[in-house]
Amino acid sequence: MSAAPKPKSNTVKAQDTLREMIFAGDLLPGSTYLEAELAELLGMSRTPVREAALRLEAQGLLEVRPRHGVRITPIAPSDMEEIYEILTELEGLCAEKAADAGHSEEEVQALEEAIRHMDEALEAENREAWAAADEEFHSALIRLGHNKRVEAICAMYNDQVRRARAVTLWLRPLPTESNEAHRAVCEAIRNCDAERAGQLHRAHRREARKLLTELLKRHGLRHV
């Protein structure tokens, strides 16, 4: 009989709740909150909130300012440019390794399943479901690279991309081309064509970077 899962600490609960509030836009980029305000909002004492804030600062989601509370990190187009440059190369490497080093049928099926979910979401014009399926695809691709350090780096930066995408999701065209780009990458991996898999994925990430940063600039979504 397996042991019951260990309950989450208040620090972890605070961290998870604050993350979701940032992604949902309940805590706006550029806004400042006192620890006492966040503690009251979460119904907790200040200690776990302070510890959670320090963890989220390490992830680039907020800034802890002594005696001035915390500031939600602004979404700047220049930041997204830099983050996408990193993700483009690391995920491109994962695509190459997945095609070149061999992969299990189960691993490729995880990519195909994510694409199926993306197709279904588009057909229903459910952008939030599409965004979740898109994350599912990229996570599966990164796992295929079989490099824990790359996984950790991508996880940190994908949190910030997720936040920027949340505020631009309804401003962009319906992402049909993105689905086709994912399908082409998956096919190259299945065919063990490392060069093509890497090229296709890097091109896809560059297009995504261009679209997202242009939307941020055009709609003035950079909060300072």
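1. Comments concerning the overall build of the chain
Link 1 in the chain: Looking only at helices and strands, one finds nine helices and three strands in the chain.
Link 2 in the chain: Each helix and strand of the chain, ordered N terminal to C terminal, gives the series α-β-α-α-β-β-α-α-α-α-α-α.
Link 3 in the chain: For the chain, whose C-alpha radius of gyration is 19 Å, the value lies close to the compact-globule estimate of 17 Å for 224 residues.
Link 4 in the chain: Considering only C-alpha atoms, the chain reaches an extent of 55 × 55 × 35 Å along its principal axes.
Link 5 in the chain: Looking at the chain residue by residue over its 224 residues, the buried ones come to 43%.
Link 6 in the chain: Within the chain, counting contacts between residues at least 6 apart in sequence, those at least 24 apart form 77% of the total.
Link 7 in the chain: Taken together, the 31 basic and 39 acidic charged side chains of the chain have centroids lying 6 Å from each other.

2. Digging into the domain arrangement of the chain
Link 1 in the chain: Structurally, the chain comprises domain 1 (10-72) and domain 2 (77-218).
Link 2 in the chain: Between the C-alpha centres of domain 1 and domain 2 there is a distance of 28 Å.
Link 3 in the chain: With 10 residues of domain 1 at the contact, the number on the domain 2 side is six residues.
Link 4 in the chain: Both sides together, the interface formed by domain 1 and domain 2 hides about 730 Å², and carbon and sulfur atoms give 50% of it.
Link 5 in the chain: Together, F23, Q59 and L61 form the three largest contributors to the area buried by domain 1 at its contact with domain 2, with a combined 56%.
Link 6 in the chain: At the surface where domain 1 touches domain 2, the tally comes to one salt bridge.

3. A few points about the packing of helix α1 (residues 10-24) against helix α3 (residues 46-58)
Link 1 in the chain: Put simply, α1 and α3 touch, their axes get as near as 8 Å, and they point 55 degrees apart. On the basis of their axis angle, the class for α1 and α3 is oblique. In the packing of α1 onto α3, the handedness of the crossing is right-handed. On α3, the residues that touch N10, T11, V12, A14, Q15, L18 and R19 of α1 are P48, V49, E51, A52, R55 and L56.
Link 2 in the chain: Its residues placed into classes, the contact of α1 with α3 shows seven nonpolar, three polar and three charged.

4. Concerning the packing of helix α6 (residues 127-144) against helix α7 (residues 148-168)
Link 1 in the chain: Look at α6 against α7: their axes get within 11 Å of each other, and the N-to-C directions meet at 165 degrees. If you check the angle between α6 and α7, you find them roughly antiparallel. Remark: the crossing between α6 and α7 carries right-handed chirality. Judged by residue contacts, W130, A131, D134, E135, I142 and R143 of α6 engage E151, C154, N158, R162 and R165 from α7.
Link 2 in the chain: Of the residues contributing to the contact of α6 with α7, the split by class is four nonpolar, one polar and six charged.

5. Remarks on helix α8 (residues 176-190)
Link 1 in the chain: For α8, which comprises 15 residues, the first-to-last C-alpha distance of 22 Å matches the rise-based estimate of 21 Å (1.5 Å per residue) to within 8%.
Link 2 in the chain: Among the residues making up α8, those that are buried are S178, N179, H182, V185, C186, A188 and I189.
Link 3 in the chain: Following α8 by one or two positions, C192 adopts a phi angle in the positive range, close to 60 degrees.

6. A word on the layout of surface pockets
Link 1 in the chain: A volume near 530 Å³ is recorded for the largest pocket.
Link 2 in the chain: As for the largest pocket, its lining consists of 25 residues, and the residues nearest its centre are R172, S178, E207, A208 and L211.
Link 3 in the chain: Elements that contribute at least two residues to the lining of the largest pocket include exactly α6, α7, α8 and α9 (194-218).
Link 4 in the chain: Examining the composition of the lining of the largest pocket, we find that 10 residues originate from one element, α9, more than from any other.

7. Some details on the pairing of strand β2 (residues 62-65)
Link 1 in the chain: Strand direction decides the pairing type here: β2 and strand β3 (residues 69-72), joined by four bridges, are antiparallel. Each bridged residue has a counterpart across the sheet, and for E63 the counterpart in β3 is R71.
Link 2 in the chain: Following β2, the chain reverses through three residues before pairing antiparallel with β3; R67 in that reversal takes a positive phi of roughly 70 degrees.

Calculation criteria
Residues numbered from 1 in each chain as written. Predicted model: local features only at pLDDT ≥ 70, side-chain atom pairs only at ≥ 80, totals over all residues. Heavy atoms only, no water. Helix = DSSP H or I, 4+ residues; strand = E, 2+ residues; numbered from the N terminus. Rg over C-alpha atoms; globule rule 2.2 N^0.38 Å. Buried < 20%, exposed > 50% of the residue type's maximum accessible area, 1.4 Å probe, protein only. Contact = heavy atoms within 4.5 Å. Lys, Arg positive; Asp, Glu negative; His and termini not counted. Charge placed at Lys NZ, Arg CZ, Asp CG, Glu CD. Domains from an automatic or database assignment. Buried area = accessible area lost by both parts, 1.4 Å probe. Salt bridge = Lys/Arg side-chain N within 4 Å of Asp/Glu carboxyl O. Axes fitted to C-alpha atoms, helices over the stretch in contact; angles between N-to-C directions. Parallel < 35°, antiparallel > 145°, perpendicular 65-115°, else oblique. Left-handed = near helix turned anticlockwise from the far one by under 90°. Nonpolar A, V, L, I, M, F, W, Y, C, P; charged D, E, K, R; others polar. Expected span 1.5 Å × (residues − 1). 1 Å grid on protein atoms, 1.4 Å probe; cavity = no way out; pocket = protein on both sides within 12 Å on 5 of 7 lines; lining within 4 Å. Points joined across faces, edges and corners; volume = space filled by probe spheres on them. Pairing = 2+ DSSP bridges.

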